[in-house]
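Chain by chain, the residues:
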Amino acid sequence: MAQRTLKWVPYDEQKDLWPGGRHIIAQHDEDSVVVYQAYNKNIAEYAAKNKKFDGAPGFSTTRMTWIKPQFLWMMYRAGWGGKDKNQTNVLAIWLRKDAFLGYLRSSVQSSFKPGQFATREEWQKAISTGKGGGCVRLQWDPDHTPDGAKVPSRRAVQLGLKGMTSFMDGEDILDIQDISEQVLEQSKFASATEGLSTPLETLLDLSDDPQLEQVLRIEEEKPVVADQQ
C-alpha cells in the first residue's frame, strides 16, 4: 500500500476560494478523497500502522463512527486535538473515491427533509435500517474558522458510518496517517491565522451526477437557517 502525501497550503491563500452553501470540499484527486477522524492514541496508532480499524483496541464495530472531509470542521470538533482524551490523535484517511461516492449515494439525511423521501415515516424507516442496505447517515453542520467561530454562509458535511465492514477492515482505505504532530504545530496559529497552513481543499464537483446532488441537497450560498436536530 503506497504512502500518500497530505498537501498543506497557507490558510489565507485558500479560505476565500471555498464556496458558500452546501458543497463537498475536500482534498481529493482522481482516485481518492481525504477524510478526518480523531481518536485516542491506542486506536490511532493501530489504524495508522495497519491501515484499518477492525482489531484496534477499544474500537467499537457496532457504534456509528463519523468521517469529516473538511479539516477545519474536524479541528473544531476535536479542539485541535486538545478537547478530550478520546480525540488526542487526528487521522488523515485516504478513501477510495468510488467508495466515498458510494457512501454519499447510500446516505440518509440525519433529519427529515421533503424530497429524498415521500413521507416522514419512510425516512424514519431508512434512518433506522439504512437506505438500500447501507448504513450511512449524512449531516450538514455550520463550517468553522480556525479559532472555532461559525461560518454562517457555509455548511460542512459529515458522514456517520455504522456496520460499514468495508471501511472498518480497510477495503475502502488507501492510506491512514496520524497527523497529530502537524495539527499541534499549526494550532499555534489558529487564533490569528497568520502563518497557519491547512490541508489543500477544493470543491468536489458533482455536477455530472444530478441525482447525487439531489440526495446531498447541494446548493449555493444563501441565508442559512439552523437545522432542527
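Up top is the structure.
Description of the structure in this document.

Definitions and limits used
Residues numbered from 1 in each chain as written. Predicted model: local features only at pLDDT ≥ 70, side-chain atom pairs only at ≥ 80, totals over all residues. Heavy atoms only, no water. Pairing = 2+ DSSP bridges. Helix = DSSP H or I, 4+ residues; strand = E, 2+ residues; numbered from the N terminus. Axes fitted to C-alpha atoms, helices over the stretch in contact; angles between N-to-C directions. Contact = heavy atoms within 4.5 Å. Polar contact = N/O pair within 3.5 Å; in protein donor to acceptor, adjacent residues only side chain to side chain.

**Points about the sheet that holds strand E10 (residues 173–178)**
- Strands sit in the order E4-E6-E10 across an open sheet of 3 strands; the sheet is antiparallel. This sheet does not close on itself; its edge strands, each paired only once, are strand E4 (32–39) and E10. For this sheet the average axis-to-axis angle between neighbouring strands, irrespective of direction, equals 20 degrees.
- Sheet analysis places E4 next to strand E6 (residues 89–96), joined by 8 bridges and oriented antiparallel. Residue pairing for E6: Ser 32 is matched across the bridge by Arg 96.
- On top of the sheet, helix H4 (residues 97–106) reaches E4 and E6; it is set at about 95 degrees to E6, its chief contact.

**Some thoughts on the side chain of Asn 40**
- Note on placement: Asn 40 falls in the loop between E4 and helix H2 (41–50).
- Among the polar contacts made by the side chain of Asn 40, one reaches the main-chain amide nitrogen of Ile 43 at a distance of 2.9 Å.
- Beyond its immediate chain neighbours, meaning those up to four positions away, Asn 40 contacts Lys 85, Asn 86, Gln 87, Thr 88 and Asn 89.

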